[in-house]
Amino acid sequence: MNDRIRTDIAHNARVWNYWLGGKDNYPVDRAVGDRVTGFYPSIGEVARADRAFLGRVVTHLAADEGVRQFLDVGTGLPTADNTHEVAQRVAPDARIVYVDNDPIVLTHARALLTSAPEGVTEYVDADAHDPERIVAAAVGTLDLSRPVAVMMLGILNFVLDTDKARSVVRALTAAVPSGSYLVLTHPTLEPELGGEGNEAAMDFWNENATPPITARTREEFTSFFDGLDLLAPGVVSCSRWRSDGGGVVAQFGAVGRKP
């Protein structure tokens, strides 16, 4: 086993996999996941809503906006309907670069993230705190003179300093051309989205799992899109982004276009 894989402490990628019904997790991940669910019973709904948001956004960008390149930062463990599967269902020639730095994700990604023959799926072992390394590695697969959808779903919440998180977003969006997109989701404590219960769950998480996490306000989340044109319906619960209704989850979702 990779000596970087810790099985004695819960890890976000594996707990998220557990909440999504996957099997790539350990007893410690399930135990912490169950405790978090006890604090915040809708966390499983958040995980599923985030994944459904990914499907709607990637389908829209590939089918309606003609995007053929996706940079998915903070991939997590492969589950159903990963970015490349959704994109290549619409456009088999789509090119996807996944980015994560968890060794168990790397192991599974290399085995499972296989591309349609017309397209390309690549995996970059890099940290979201290091956008320059991400861009340098992605250049081998993506043509940065053509539009790219930069996707950071549930990952900026692990960049604890908001100024640093903004600088990461700015660096990644600066590297892609006009007509590119930024796709974000992020947990919040905002009462309008039912986020009050998130606080105790996050406190427990930060004491018992890795990496540490933070929530952000609507204003902080919206600031990540400074200089970009938000697609309708703007900043909403990710479950309500171009969906047919359904409940609200305490996870913002939005898509911005680089003018």
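In case you missed it, the structure is sitting above this.
As for the pairing of strand S6 (residues 181–187)
Piece 1. Buried residues dominate S6, accounting for seven of its seven residues.
Piece 2. Covered by surrounding structure in S6 are Tyr 181, Val 183, Thr 185 and Pro 187 together with Leu 182, Leu 184 and His 186, the residues of both alternating faces.
Piece 3. In terms of strand pairing, strand S5 (residues 149–153) meets S6 through five bridges, oriented parallel. Residue Met 151 lies in a different strand from S6, and its bridge partner there is Val 183.
Piece 4. Between S5 and its parallel partner S6, the chain crosses via helix H7 (residues 162–174), and the hand of that crossover is right-handed.

Examining the pattern of salt bridges
Piece 1. Per the stated rule, a full pass over the model turns up five salt bridges.
Piece 2. Across the salt bridge formed by Asp 163 and Arg 166, the nearest N and O atoms sit 3.0 Å from each other. With Asp 163 and Arg 166 both in helix H7 and three residues apart, this pair spans about one turn of that helix.
Piece 3. The salt bridge involving Glu 192 is made with Arg 218; its shortest N-O contact spans 2.9 Å.

Section: the nonpolar core
Piece 1. By size, the foremost hydrophobic cluster in this structure holds 83 residues, and its most contacted members are Phe 70, Leu 71, Met 152 and Leu 172.
Piece 2. Counting residues per element, this core draws most heavily on helix H3 (residues 43–63), at 10 residues.
Piece 3. When residues no more than four places from it in sequence are discounted, the contact partners of Leu 172 are Leu 71, Val 73, Pro 131, Ile 134, Val 135, Val 150 and Met 152.

Quick notes on the side chain of Ser 237
Piece 1. By secondary structure assignment, the location of Ser 237 is in strand S9 (residues 236–237).
Piece 2. For Ser 237, a relative accessible area of 3% puts it in the buried group.
Piece 3. Apart from the residues within four sequence positions on either side, Ser 237 is in contact with Leu 193, Val 248, Val 249, Gln 251 and Gly 253.

Looking at helix H1 (residues 12–19)
Piece 1. Where burial is concerned, most of H1 is hidden: six out of the eight residues are buried.
Piece 2. Buried within H1 are the following residues: Asn 12, Ala 13, Arg 14, Val 15, Asn 17 and Trp 19.
Piece 3. Positive backbone phi, approximately 90 degrees, marks Gly 21, located one or two places after H1.

Basis of the calculations
- Residues numbered from 1 in each chain as written.
- Predicted model: local features only at pLDDT ≥ 70, side-chain atom pairs only at ≥ 80, totals over all residues.
- Heavy atoms only, no water.
- Buried < 20%, exposed > 50% of the residue type's maximum accessible area, 1.4 Å probe, protein only.
- Helix = DSSP H or I, 4+ residues; strand = E, 2+ residues; numbered from the N terminus.
- Pairing = 2+ DSSP bridges.
- Right-handed = clockwise from strand over helix to strand, strands pointing away.
- Salt bridge = Lys/Arg side-chain N within 4 Å of Asp/Glu carboxyl O.
- Core = buried A, V, L, I, M, F, W, Y, C linked by side-chain atoms within 4.5 Å.
- Contact = heavy atoms within 4.5 Å.

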